[in-house]
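A structural walkthrough
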Amino acid sequence: MYFYFYDKFTQDKQYEVELTRIETRLIELGINGRVEKLSIFKNAKELIEDGIKKGAHTVVAVGDDSTFATVVSIVAAYDVSVGFIPLIQESRFAEVLGIPFGQEAANVLSQRLVQDVDLGRIQDHHFLGTLYASEPSQLELKCDGQYTISTTEDTTELRIMNCGDIIGEEMRLMPAADGRIDIVVSPVVEEGMLRKKKVRQNEKESIFPVKHVEISSGSESVTLSADGVENFTTPCEVDVVPSAMKLIVGRDRKLRTN
Amino acid sequence: MFAKEEGGDKSDVHTTSSAQTVIGPTVKVEGSFQSDDNIAIDGHVVGTIKTSKDLTVGTDSKIEADVSAANMHISGEVKGNLHASGTITLTSSARVYGDVETSIISVETGAVIQGRCTTGAGADTPIEMDEEESETGKKK
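**Points about the domain arrangement of chain A**
You'll often see interface size given as the accessible area lost when the parts meet. Residues and elements named next belong to chain A. Structurally, chain A comprises domain 1 (2-111) and domain 2 (125-241). Put simply, the middle of domain 1 and the middle of domain 2, counted by C-alpha atoms, are 29 Å apart. Counting residues at the interface gives 10 residues for domain 1, matched by 11 residues for domain 2. Within the residue set of the side of domain 1 that touches domain 2, elements represented by two or more residues are helix H3 (65-75) and helix H4 (92-97). Among the elements that take part in the side of domain 1 that touches domain 2, H3 stands out by supplying 6 residues, more than any other. For the side of domain 1 that touches domain 2, the class distribution of residues is 5 nonpolar, 3 polar and 2 charged.

Next up, the structure:
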């Protein structure tokens, strides 16, 4: 059974026509299923878990990048596939997965091209893209129980990437099924009198592929954001869960496997 | 190292080689650093470094560690023993304070070596990644 999880914003009138088109196309393709719509009275986790308990083999997020990231995190604990129908044109996750906007996404779903991907994990939360900490103070990262990385500049950006920084300013992709997460430490440099510029992908950047990392930040806690949907604070542990999820992808996907 | 994808992308997409560990100038690494990737160092490392692939040490880097790799290209400072199963290349800015053991060595004018240097047959033992101690050890 297909389970379609509609985000709260999809109930806005502007999406009505597109949703009708999508639902019609799903029926034509024979992949329609149970629909649950998020509302202020309903909890996403309960809705999705209830759908899985009632026999859903595929959970489809209908909404935007935040909807998809939320579904990924909830579904990670179960052996079901995840699909995505983007209701916004500029969805970054849709671009990476090779899924077109609106009703065209139904065709990709029906083709059922499935790719196994790793997921990053912080506490009980799973993420597909990146764990991001903006300008944390002095950080210490203990990697795979073997060595410690400490930052030597006060203003440093830390990203822990699974399949990449998808929702950041510049999309950047890493291998999604290599059994490792990549710690990327970038300094932030001054630009002009007051502005700061984030330095990415240059000779000052550090990259460490690891399986497990413990992050601490001295007396000052640092906040980390997982794909922009949930925040965590240091100290914390992050690891990779290899082949944790089956994603339905399109032929034009940018997702990297190696 | 970074390649921009071709084609009419909606947004700029960058990809990074998976088989590369980069230690930049703004981080310090301490401990037993083992890897199956190529390693590029431009920062500060203290402890031991082992890789079954290649190691590049940049001009401003500072290493206080015994180092084992398949091949090494060194332009910075290393305080510790070097062991390569293939080739060690020391550029003019390289400063090595320790023993060097390798199959083949290439030394540019101006490079500094303070230690014993063993090359050729017998020095080409493969890098054993599972061992705790460096293959070379202190011999002086």
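**Details of helix H5 (residues 104-111) of chain A**
All names here are of chain A. All of the buried residues in H5 are Ala105, Ala106, Val108 and Leu109. All buried residues of H5 fall inside an arc of 160° around its axis, so they share one side. Immediately beyond the C-terminal end of H5, within one or two residues, lies Arg112, with a positive phi of roughly 50°.

**As for the nonpolar core**
Side chains of nonpolar character tend, in soluble globular proteins, to be buried together. Residue and element names in this part refer to chain A. Ranked by size, the top nonpolar core spans 100 residues in total, and within it Phe5, Val59, Val60, Val71, Phe84 and Leu97 carry the most contacts. If you tally residues by element for this core, the top one is strand S19 (residues 236-249), at 7 residues. Both of domain 1 (2-111) and domain 2 (125-241) provide at least three residues apiece to this core. With residues near it in sequence (within four places) discarded, Phe84 still touches Val60, Ala61, Phe68, Phe93, Ala94, Leu97, Ile99 and Ala105.

Cut-offs and rules
Residues numbered from 1 in each chain as written. Chains lettered and ligands numbered in written order. Predicted model: local features only at pLDDT ≥ 70, side-chain atom pairs only at ≥ 80, totals over all residues. Domains from an automatic or database assignment. Contact = placed C-beta atoms within 7 Å. Helix = DSSP H or I, 4+ residues; strand = E, 2+ residues; numbered from the N terminus. Nonpolar A, V, L, I, M, F, W, Y, C, P; charged D, E, K, R; others polar. Buried ≥ 20, exposed ≤ 12 C-beta atoms within 10 Å, placed from the backbone. Arc of directions from axis to C-beta. Core = buried A, V, L, I, M, F, W, Y, C linked by C-beta atoms within 7 Å.

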